[in-house]
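# A look at the structure
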Amino acid sequence: MVSVVNTVDTSHEDMIHDAQMDYYGTRLATCSSDRSVKIFDIKNGSQILAADLRGHEGPVWQVAWAHPMFGNVLASCSYDRKVIIWKEEGGTWDRLYEYDGHDSSVNSVSWASHEFGLLLACGSSDGSISVLSCLGDGTWEPHKISNAHTIGCNAVSWAPAVIPGTLMDAPSGPKSTPVKRFVSGGCDNLIKIWREEDGQWAEEKKMEAHSDWVRDVAWAPSIGLPSGTIASCSQDGRVFIWTCDDPAGGSWTPKLLHKFGDVVWHVSWSITGNILAVSGGDNKVSLWKESTDGQWKCVSDVNKGQGISSGPDETRPEQ
Amino acid sequence: MHSKGSMIFSWWIDFDVHRHAKLLCFPIVSGRSPAFIFSYFFFIYLYFSLQMLSNSSVIFPGVLESMSVDLQNFSFLRHLEDMAARVVQTFSGWRTMSCELDGAASAVAVSRDGSQVVVAGRNILKVFAIEEEAFVEKVNLRVGRRTSVNYSCSDVAWHQLDDNLLATAATNGAVVTWNLSRSSRNKQELLFAEHKRTVNKVCFHQAELHTLLSGSQDGSMKCFDLRRKDSVCTFNGQSESVRDVQFSPRDYFAFAASFENGNVQLWDLRRSDRCERMFTAHNGPVFSCDWHPEDRGWLATGGRDKMVKVWDMASARPRELFCVQTIASVARVKWRPERRYHLATCSMMVDHTINVWDVRRPFIPFAAFEEHRDVTTGIAWRLPHDPHLLLSGAKDCTLFQHIFKDAKRPADRANPEALCFGPRGDVAFAAKEGLSANDPARRALPGDRRNPFFFIRKAPEPYDASLTQQHSGSVCSVLNVFQRCDAKEKLNPLENESESFVELAQRYCLAGRPFAELCDHNARIAMELCRHQVAQTWLILKLLYAGGDASPSPALLPNGGIFCGKDGSSGLGGDGMSERGKSEGHGDGGLEEPNEETEGSDVENLTASVGLYAAAAGLYSGNGEEERLELLDQDTTTSDFPEFSLPPEAFALRHEIVDGPAGLEHLQTNGPDGPGSGDEDGTDEGMRSACQGKVGGSTAGLGITAAESVSLISVSQPLFGQTLPPEVFAPAVIAMLEFYAERGDVQSTVSTLIVLGEKASGGVDTLVQEHWYLSYLELLQRFRLWDVATQVIRLSTCAAISALNHDSTSLNLNCSSCRRALGAKGWLCDRCRRCASVCAVCHHAVKGLFVWCQGCSHGGHLKHMHDWLSASPHCPTGCGHLCEYT
């Protein structure tokens, strides 16, 4: 029988735009149009509201957890053009930093790998991307890439702190510091890879395959993977997997995962980077895994009568 | 639905199309904008033309869809009107356009027919004609060389009954009326200089030609009769400055006024002594208010507190119906014509956009016009019945006509779904409610292996039936978290990945026992968790590296037997799910060519080694390639060692075995007595290619099918025995490590790497190893397996990894008597020449665990302190401190 562990009220008053589990999978942060960010403790399958962060003055689009070595740090971005970085100290959440350098809605935030310290990328509808870095003394230094995507940037995602191709080529030279890279997707239907060189951010690669707005990009964690992998999804219903076997990061080859019938809003990698979850406008989530012959196969479709989003009414009683 | 629509239309077609359409439409379109009427007929005409042309309904499926909705339902008309407006806007040439102004605008007003607009500001007062392509300046009302401060406008109003009558409010307190029909250049008609301070607002009565109302900073409102030279009456609000006054469109005598102190007052024109009603609407100044054009009694107010509130003024006490929160203080509020729940706002600072809100969805604008580069000061809908055209003036000295078609739609752009892949393999997914919850096809089935649990939004407090009826505005989401399966599903490797990861991490034994035992142990654990492939890997590793060990553990024996019992290659699949195939080489079959001397004393061991080696070689070469591994054998034959040719039936085979052809037929001997490097090279090469093939072709299922894949292995004597150089296997093992790493199973990679220790680590680049270690440590930390992580760090052969444990491990001590920092010695204080770590109880120097009180810094042996403090709360030194031992 369906054993419903618990029924919890998010009490969000409008649409939920993002939900993120923290590093350990013990907390879930949600954000909504109702301007709030809520944090739930997940314990034994039940969720308890731990915090309700109010501070944004518009719909909150995305949240991102920083690595726990920095404490409980959460970044949120909103339609109100602000990025707020929250920190929990002694059980209460406070604003650690507020960034208002964008001229339009901030659509996406993403923390870099912890090797780089507290480093946050923010993509905005004003077409620019900001990279905020926390300096040692607790101040934050914004670095803005203007005109990253014309019309607007919808998603950013950091590369793991490993140079793609390292594992394949095993360079024997002196140990190089990992390059800071991230990928962004925007309303110009493009996916761009950015790379830091001498403290400046430069466009490293422009990738074109989608025919409509790119809605989400996700750089796969490189747990033992030999190459860089990026998943991208778009308004045009297509999901691409981009792989790079070139140690310099120069050549990326797209592979069509699937063409969905509706807008695909999100792609998300499992922590080992071998399973991809895709959610589309038809309210389906599907899990995809690469078989050893390089084909991506749908391993689980949580919509086919297998328990997605059944109504609360029939799940409540049995306990 | 569809058939109904078709029916309606076929019924229409029976009649005279145009006449009937007119008849049907007339009651609906009366009282609507010309654009609507035009577009409506245009659309119907277009539809029937196409219908007749094509005789098919395919062309306008959207139209049919909307037609099929009950005609009485208003939304059908809205839908059609939207489409029509789009068509009209596309074809009529209406478009977003702008013109430069001489100065910053502070207000705009539109003539009744929407053909002209007046822009007022401190340095500007101009009338523009709105043409299809552009604004054309018609009249500049600021004439004369010395422009009076009377013309420095803060507000402007255009009479809705008289196209020539304008009124402006001046910053010096003057209220001026203008008559555009005057022939002279100076169009000024009347000037009322009655207010003492800036007039913030002027407002004409909708139905009364001569009535004008003003609201001023001085706190009073004045009603003027344009037939007289001075005000008719003065209303004193007694609540600071008046920011806005608005005649009610429904109540002839009523008007609303908003104040700087947050109050809103409702007045009756006939009573100037006190207001009818007063309430506090906002926290801070209320800059603007607007009556709903249709709903009697709805008043929208906007304030500095960044909120727009909609009040029901009809009830006994004003009731807040909706509250919209914007991102900046609200300067102007205007209801959108023909859209019951929509209103437009502009802001005083920060935000330059004009937002159109659906008040039922108060967090995200329905539409936004972002053309202005500075603060928008005046907004006006061009026509009282056209929701698509908005005029605006701003501080950036531009006048804009906005078309709804070109508006940004933040609500549409908003991401309606949230998705997150949790570290434990659970997926959190939030989607719009209504889409997901009510679909019967998406209900959970009983016996479902996933456990969805739900976040449900509390049912909204219903305002009243009429408000909640039309639901389309408010949206909320359902958030589900899908957990991975329970224990029954262990067979599916995908489903229990995270659980088995934790289990394996905790139970793997990585050091502290002989190599073979470690392998056995780990193999057994992997087997218990149904990780057959990993289990086999452990066993093979044992065979490879502990091959000389003559006493295989009982647990291993059956598996070992497989190798020996089969001649030819046998496929040993895992669980059929993801196991890569394994080719088990020939044990006895391979030992065929006797060409070297045998040391009889060690025969058994040697043969064991040969068999194992052959098995291993067969394993890694059994992929259909032509490589032949050379086996230089001693003169032992199969028959000499029956114990290694156990019949297959002797033990239960868990898996299907693909029999290869008899090994004998395929045995070849190349270079029968070449024990040198050539053989090793051959072996390496064979293994390498085999491994590549294996990695490449390791699809699910059983790998080895090729009968001809049996390789002959010859092993020369010097390679034998306990001294078998590990380099021989290194390429294969490294390939194995890489294979697991590539599949994301870095756990297996690192665990085997640790257990193998020096045996394998030499062949792998340190950077790669480091990455594997770091990846595994990262995963372990995610699962909070600190102990395992520490163990891995400690056991790692990688210098960079081991160093992780040495970070911030130093502890600085102060001397307990002089309280100065202890030097390098750590136990002897240089200053007071005393041993710092003397037990306060037994007065001996403490070696080992030293426990001390952080309050008085006295301490001693753990046991002594424990005993002492359990008996007495005071410090044993007698310092008087109440130590706390926890």
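Residues numbered from 1 in each chain as written. Chains lettered and ligands numbered in written order. Predicted model: local features only at pLDDT ≥ 70, side-chain atom pairs only at ≥ 80, totals over all residues. Heavy atoms only, no water.

### What about the confidence of the model for chain B?
Residues and elements named next belong to chain B. Spelled out, the test is: Per-residue confidence from the predictor is reported as pLDDT, which spans 0 to 100. In this text, helices come from DSSP runs of H or I with a minimum length of four residues, and strands from runs of E with a minimum of two, each type numbered from the N-terminal end. Two residues form a contact once any of their heavy atoms are found within 4.5 Å.
Within chain B, residue pLDDT values average 68, and 58% of them lie at 70 or more. Per-residue pLDDT, averaged within each element of chain B, yields its smallest value for helix α7 (residues 465–469) (33) and its largest for strand β18 (residues 286–291) (93). Below pLDDT 50 for its whole length, residues 434–473 participates in 110 contacts with residues either more than four positions away or in separate chains. The ipTM for the predicted assembly is 0.81, set against a pTM of 0.68.

### Brief notes about the environment of L190 of chain B
Residues and elements named next belong to chain B. Structurally, the position occupied by L190 is in strand β9 (residues 188–192). In this structure, the C-alpha to C-alpha distance between L190 and T177, residues 13 residues apart in sequence, is 5.1 Å. Apart from the residues lying within four places of it in its own chain, the contact partners of L190 are V175, V176, T177, L226 and K229.

### Topic: helix α18 (residues 766–782) of chain B
Residues and elements named next belong to chain B. What counts, and what does not: Expected span, for any helix, means 1.5 Å times one less than how many residues it has. Burial classes: relative accessible area under 20% of the type maximum marks a residue as buried, over 50% as exposed, and values in between as partly exposed (1.4 Å probe, protein chains only).
The end-to-end C-alpha separation of α18 is 24 Å, in line with the 24 Å expected for 17 residues at 1.5 Å each. Summarising burial for α18: 12 of the 17 residues are buried, a large majority. Where α18 is concerned, the buried positions are V768, Q769, E770, H771, W772, Y773, S775, Y776, L777, L779, L780 and R782. Positive phi shows up at R784, right after α18, with a value of about 60°.

### A look at the UniProt feature "repeat: WD" (unreviewed entry) in chain A
Residues and elements named next belong to chain A. This is how it is decided: UniProt positions are given in the numbering used here, feature names are shortened, and annotations may be inferred rather than shown by experiment.
The feature "repeat: WD" (unreviewed entry), as given by UniProt, occupies residues 9–50, 53–87, 99–131 and 207–242 in the numbering adopted here. Secondary structure over residues 53–87 splits into 0% helix and 54% strand, and the C-alpha atoms at its two ends are 11 Å apart. The straight-line gap between the two end C-alpha atoms of residues 99–131 is 11 Å; of that span, 0% is helix and 48% is strand.

### Observations concerning the sheet that holds strand β26 (residues 376–383) of chain B
Through backbone hydrogen bonds, the strands of a sheet pair up, either in parallel or in antiparallel fashion. All names here are of chain B. How we decide: Paired strands, as defined in this entry, are two strands with at least two bridges between them according to DSSP. Only the stretch in contact is used when fitting a helix axis, every axis being a line fitted to C-alpha atoms; angles between N-to-C directions are given from 0 to 180 degrees.
Read across the open sheet, the 4 strands follow the order β1-β28-β27-β26; overall the sheet is antiparallel. Among the strands making up the open sheet, the edge pair consists of β1 (97–100) and β26. Within the sheet, the average angular offset between the axes of one strand and its neighbour, ignoring direction, is 15°. Strand direction decides the pairing type here: β1 and strand β28 (residues 398–403), joined by 4 bridges, are antiparallel. In the strand pairing of β28, C99 is matched with L399.

### Concerning the nonpolar core
Residues and elements named next belong to chain B. Rules: By nonpolar core we mean a set of buried residues, namely Ala, Val, Leu, Ile, Met, Phe, Trp, Tyr and Cys, connected to one another through side-chain atoms within 4.5 Å.
One finds V733, W772, Y776, L780 and V792 to be the most contacted residues of the largest nonpolar core, which totals 55 residues. The set of elements that each furnish at least two residues to this core consists of α8 (497–507), α9 (515–528), α10 (532–545), α15 (730–742), α16 (746–756), α18 and α19 (786–795). Those residues within four positions of Y776 in sequence are excluded, and the remaining contacts are F501, A505, V746, Q747, V750, S751, V788 and V792.

### Remarks on the sheet that holds strand β11 (residues 211–216) of chain B
Residue and element names in this part refer to chain B. Across the sheet, which stays open at both edges, the 4 strands sit in the order β10-β11-β12-β13 with antiparallel pairing between neighbours. The two strands at the open ends of the sheet, each matched to only one other strand, are β10 (199–204) and β13 (231–236). Ignoring which end each strand starts from, the neighbouring axes of this sheet average 20° apart. As judged from the 5 bridges shared by β11 and strand β12 (residues 220–225), these two strands associate in the antiparallel manner. Paired with L212 across the strands is F224, a residue of β12.

### Section: the packing of aromatic side chains
In plain terms, the rule: Pairs were defined over the aromatic rings of Phe, Tyr and Trp, the Trp ring being its six-membered one, requiring ring centres within 6.5 Å. Orientation was assigned from the angle between planes: stacked under 30 degrees, edge-to-face over 60, tilted for the rest.
The final tally for this structure, using the stated rule, is 32 aromatic pairs over all chains. Here the aromatic rings of W61 of chain A and Y79 of chain A are separated by 6.2 Å at their centres, their planes lie at 85°, and the arrangement is edge-to-face. Of this pair, W61 of chain A sits in strand β6 (residues 60–65) while Y79 of chain A sits in the loop between β7 (73–78) and β8 (83–89), and the two are 18 residues apart along the sequence. Y79 of chain A carries the same exposure label as W61 of chain A, and that label is buried. When the ring of W298 of chain B is compared with that of Y341 of chain B, the centres are 6.1 Å apart and the planes differ by 55°; the resulting orientation is tilted. Taken together, the residues span a long stretch of sequence, with W298 of chain B in strand β19 (residues 298–303) and Y341 of chain B in the loop between β22 (330–335) and β23 (342–347) at a distance of 43 residues.

### Here's the deal with the pattern of salt bridges
Worth spelling out the cut-off: What makes a salt bridge here is a side-chain nitrogen of Lys or Arg within 4 Å of a carboxyl oxygen of Asp or Glu, nothing more.
Evaluated as defined, the whole model comprises 37 salt bridges over all chains. Its salt-bridge partner being E203 of chain A, residue K192 of chain A comes within 3.6 Å of it at the nearest N-O pair. Taken together, the residues K192 of chain A in strand β16 (residues 190–197) and E203 of chain A in strand β17 (residues 200–208) connect sequence positions 11 residues apart. We note a salt bridge from K201 of chain B to D155 of chain B, for which the minimum N-O separation is 3.8 Å. Remark: D155 of chain B occurs in strand β6 (residues 153–158) and K201 of chain B occurs in strand β10; sequence separation between them is 46 residues.

### Notes on the pairing of β22 of chain B
Residues and elements named next belong to chain B. Across the 6 residues that make up β22, a large majority, 5, are buried. Sheet analysis places β22 next to β23, joined by 5 bridges and oriented antiparallel. By the bridge assignment for β23, W335 is matched with L343.

### Considerations on the state of the cysteines
Residue and element names in this part refer to chain B. Put simply, the test is: Note on terminology: pairs of cysteine sulfur atoms within 2.5 Å are recorded as disulfides.
What the rule picks out here adds up to 0 disulfides over all chains. No disulfide involves C233; its sulfur sits 4.9 Å from the nearest other cysteine sulfur, which is in C223. Among the residues examined, C233 registers a relative accessible area of 16% and is labelled buried.

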